[in-house]
Amino acid sequence: MTLSRPPSGFGQEATARRRRWLEEHAGRPFEDPPLDQPEELRGIIENHIGWMPMPMAVAGPLRIDGTYARGEFGVPLCTVEGTLALSMSRGFLLTSLAGGITTRHLKQEMSRSPVFSFEDIVQLPKFLSFIERSFESLKQVAEATTRHGELLRVDCYPIQNSVILDFVYDTKEACGQNMVSIATNEACHWITAQWDGPVRWLIESNFNGDKNPAAKTVLCGRGHHVVASARIGPKLLRRVLRVTARDVVGAWKLCVRGSQLAGVVGMNKHVDNALAALYLATGQDVACVAENAVGVVDYDILEGDGVYATLTMPSISVGTVGGGTRLAAQKRNLELLGCTGPSSSRKLAEIVCAAALALELSLGGAIVSNEFVDSHAKYGR
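Residues numbered from 1 in each chain as written. Predicted model: local features only at pLDDT ≥ 70, side-chain atom pairs only at ≥ 80, totals over all residues. Heavy atoms only, no water.

**What to know about the nonpolar core**
And step 1. Ranked by internal contacts, the top residues of the largest apolar core, which has 59 residues, are Leu-62, Val-75, Ile-316 and Ile-351.
And step 2. With 12 residues, the single largest contributor to this core is helix α12 (residues 344–368).
And step 3. Of all hydrophobic cores here, the second largest spans 22 residues; its members include Leu-124, Phe-167, Tyr-169 and Ala-183. (Core = buried A, V, L, I, M, F, W, Y, C linked by side-chain atoms within 4.5 Å. Buried < 20%, exposed > 50% of the residue type's maximum accessible area, 1.4 Å probe, protein only. Helix = DSSP H or I, 4+ residues; strand = E, 2+ residues; numbered from the N terminus.)

Shown next, in the form of structure tokens:
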């Protein structure tokens, strides 16, 4: 089914039209679920006192040809930034008219990186050898704590009189932050019980960049690693964004210079906007935006003066089970996206990456055409 654009406008009737639009294209009713009961919030929040209502929008149509996400989607967003939903919808329209966004899910690796410290550096070679030959035992101990997680490897990084161990897991449908912490903790206790000699350890060395922007994350990834691309012809660039391919590529070259001068980690304008809005709507840990917003955008001029836009996101920390995905409204939104069951976390990660690329295209167009300030003056205040 081909999605039309969501109806525009403010007021109750406009909201009702958009709800009917979403119901039609999702093929299911869109209803506001009852609030979760306080006793159901264990593991999500402590010291609960009530609820903070937040507005939710829908953006569409998002057309994806991915490894796990295929088809057209109306995407739920929670934000208090005016213009965001409209800008994302414009990016969705642009890419849908161009044939859609291609996504590929490359890997899923969530990590925890404890550090072991010794009295002297002479212990390092022996410890590294011990870890290497103990992988199967570590795997057995770690995986005994979880029904779904799988320990893929343990990478060793010696530094000074210590060794950082990066425990890398496939967490299946869960984001897995707690899963990998519990599993790694048990493995560390096993290590200290088997190691012959004094050793101190911490469960986290901050090496894995958990909730921190890091160069390591750009290189190695953490969570879901997804790449997205779109090919936009010259007519669509002029019609939807009112720009040319040379405008886009030239402007991005200048933005790269500014990013390099500022020491920006990653290379994008604002993928964090797409991440935060989608994370809030689908029950993700929003603090992970700091870590995940290290995507790398690039633009090339195609033969015929079109644009080939790409976005690499090495870190997307999302899941479809556990945590805030248990909340009724967030669970409903995941169901609207079809993100339930096997490989659903990978599907969600592809939707997130595609939405971020579409938003980058729309924002880039607004800056090049000098419409950025006017649009925020009109819709953002």
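**Examining the pattern of salt bridges**
And step 1. On inspection of all chains with the given rule, the structure shows 21 salt bridges.
And step 2. Here Arg-153 and Asp-155 are joined by a salt bridge, their closest N and O atoms 3.0 Å apart.
And step 3. Its relative accessible area of 31% is what places Arg-153 among the partly exposed residues.
And step 4. Three or more residues joined by partner-sharing salt bridges are found here, namely Arg-112, Glu-204, Asp-210, Lys-211, Arg-222, Asp-285 and Glu-291. (Salt bridge = Lys/Arg side-chain N within 4 Å of Asp/Glu carboxyl O.)

**Observations concerning helix α1 (residues 12–26)**
And step 1. Compared with an ideal rise of 1.5 Å per residue, which puts 15 residues at 21 Å, α1 spans 21 Å between its outermost C-alpha atoms and is within 8% of the ideal.
And step 2. Along α1, the positions that sit buried rather than exposed are Ala-14, Arg-18, Trp-21, Leu-22 and His-25. End-on view of α1: buried residues confined to an arc of 95°, all on one side of the axis. Summarising the geometry of α1, the exposed residues directed more than 90 degrees from the buried face are Gln-12 and Glu-24.
And step 3. Contacts made by the buried residues of α1 are with β1 (56–65), β2 (70–78) and α11 (328–336).
And step 4. Just past α1, the residue Gly-27 takes up positive phi, approximately 70°. (Expected span 1.5 Å × (residues − 1). Arc of directions from axis to C-beta. Contact = heavy atoms within 4.5 Å.)

**Focus: the packing of helix α4 (residues 135–143) against helix α5 (residues 177–194)**
When two helices pack together, their arrangement is captured by the angle between the axes and the distance separating the axes.
And step 1. Direction vectors running N to C along α4 and α5 enclose 135°, while the axes themselves pass 8 Å from each other. When the interaxial angle is binned, α4 and α5 end up oblique. When you trace α4 past α5, the crossing you get is right-handed. Together, Ser-137, Leu-138, Val-141 and Ala-142 of α4 and Ala-183, Glu-186, Ala-187, Trp-190 and Ile-191 of α5 make up the contact between the two elements.
And step 2. Of the residues belonging to the contact of α4 with α5, the class tally is 7 nonpolar, 1 polar and 1 charged. (Axes fitted to C-alpha atoms, helices over the stretch in contact; angles between N-to-C directions. Parallel < 35°, antiparallel > 145°, perpendicular 65-115°, else oblique. Left-handed = near helix turned anticlockwise from the far one by under 90°. Nonpolar A, V, L, I, M, F, W, Y, C, P; charged D, E, K, R; others polar.)

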